[in-house]
Amino acid sequence: FSPISVAIGPVSVSTARVVALAVTIVITAAMGWFLFRTLPGKALRAATMNREAIQIVGVNIVRLSALAFALAFAIAGMTGVLIALVFPAFSPFSGAEYSIIGFIVIVLGGLGNPVGALIAGVFYGVAEQMATVFLPQALAQIVGFAILVGTILVRPTGLFGFRVLR
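All values reported here derive from a predicted model rather than from experimental measurement.

1. Brief notes about the side chain of Thr38
Tracing the backbone shows Thr38 in the loop between α1 (15-37) and α2 (39-49). Taking the relative accessible area as the measure of exposure, Thr38 reaches 14% and is therefore buried.

Structure follows, in structure tokens:
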């Protein structure tokens, strides 16, 4: 990209990170619109809640599963491109680190809550970066797990999760 960095106030940020942030915001907004405003998106959300009930209403669960699979692959592909854009030195074996971070963020936000996962991702990122500043590098990664364990002990459904009565 040209220029290599952009000055946002007193902070200089690389253009690749700004582009990655913009693309992430667009993808997140598009997924939010799709999941909450379109009929297939509402069907996907309903399928996560009660798979048998939406089959009774006539939704083709096989096609819906194929749609979910395609969306997951598209988002994974875009994530790979954005990670390569921001962190150019990665290998095929670095996916485990991102999977663990994703797991922590999903549990923190509450299972099945995309807005909670988004807010928990920002919270986790800020906490880990602050830990990197104030703690040794080896302890910074432990902070994420400590937040996860603390959240599960205090609120087992996650920060934005809710308890389902059965």
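So, next bit.
2. Some remarks on the pairing of strand β1 (residues 5-8)
As paired strands, β1 and strand β2 (residues 11-14) are joined by four bridges and run antiparallel to one another. Of the residues in β2, the one forming a bridge with Ser5 is Ser14.

3. Quick look at the confidence of the model for the protein chain
Summing up the model confidence of the protein chain, the mean pLDDT is 87 and the portion of residues at 70 or higher is 98%. β1 is the least confidently modelled element of the protein chain, averaging 84 in pLDDT, while helix α4 (residues 61-86) averages 92, the highest of any element.

4. Re a nonpolar patch on the surface
On the surface, Val122, Val126, Met130, Val133, Phe134, Leu135, Leu139 and Ile142 cluster together into a nonpolar patch covering about 780 Å² of accessible area. Elements with a contribution of two residues or more to the nonpolar patch: α6 (114-134) and α7 (137-154). Here the element with the most residues in the nonpolar patch is α6; it accounts for five residues. Within the secondary structure layout, Met130 lies in helix α6.

5. Looking at α6
Counted at 1.5 Å a residue, the expected span for α6 with its 21 residues is 30 Å, and the 30 Å between its end C-alpha atoms agrees. Those residues of α6 that sit buried are Gly116, Ala120, Tyr124, Ala127, Glu128 and Ala131. Buried residues along α6 cover an arc of 95 degrees about the axis, so they all sit on one side. When the buried face of α6 is taken as reference, the exposed residues oriented beyond 90 degrees from it are Val122, Gln129 and Val133. The elements touched by buried residues of α6 are α5 (95-109) and α7.

6. Considerations on α4
The end-to-end C-alpha separation of α4 is 37 Å, in line with the 38 Å expected for 26 residues at 1.5 Å each. Among the residues of α4, those classed as buried are Ile61, Leu64, Leu82, Ile83 and Val86. The inward-facing, buried residues of α4 abut α1, α2, α3 (51-56) and α5. Two to three positions downstream of the cap, the backbone nitrogen of Val62 sits 3.2 Å from a side-chain oxygen, assigning the N-cap of α4 to Asn60.

7. Thoughts on the side chain of Glu128
You can see Glu128 is positioned in helix α6. The side chain of Glu128 sits in the buried core without any salt bridge; Arg17 is the nearest counter-charge, 12 Å away. In this structure, Glu128 is in contact with Ala140 and Gln141, ignoring residues within four places of it in sequence.

Reading the values: the criteria
Throughout this document, residue positions are counted from 1 along each chain, in the order its sequence is written. For this predicted model, a pLDDT threshold of at least 70 governs which residues receive local features, and a threshold of 80 or more governs which side-chain atom pairs are given and counted, while totals over whole chains, interfaces and linings are taken from all residues. As a convention, hydrogens and water are excluded, and side-chain values are obtained from all of the structure's heavy atoms. In this description a helix means any DSSP run of H or I spanning at least four residues, a strand means any run of E spanning at least two, and both kinds are numbered starting from the N terminus. Working definition: with a 1.4 Å probe on protein chains only, accessible area under 20% of the residue-type maximum means buried, over 50% means exposed, and in between means partly exposed. In this scheme, strands are said to pair when DSSP sees at least two bridges between them. Every residue gets a pLDDT, meaning the predictor's confidence in that residue, from 0 to 100. To count toward a patch, a residue needs a relative accessible area above 30% and no salt bridge. Like charges then connect within 9 Å, nonpolar side chains (Val, Leu, Ile, Met, Phe, Trp, Tyr) within 5 Å. Method for areas: the Shrake-Rupley scheme with a 1.4 Å probe, in which residue coverage is limited to the protein chains shown. Any carboxyl oxygen of Asp or Glu within 4 Å of a side-chain nitrogen of Lys or Arg constitutes a salt bridge here. Any helix carries an expected span of 1.5 Å times its number of residues minus one. What the arc covers is the set of directions going from the helix axis to the C-beta atoms. Here a residue-residue contact requires only that any non-hydrogen atoms of the pair lie within 4.5 Å. Two N or O atoms count as a polar contact when they lie within 3.5 Å, although within protein this holds only if one can serve as hydrogen donor and the other as acceptor, and sequence-adjacent residues are included solely when both atoms are side-chain atoms. In this charge count, Lys and Arg are treated as positive and Asp and Glu as negative; neither His nor the chain ends contribute.

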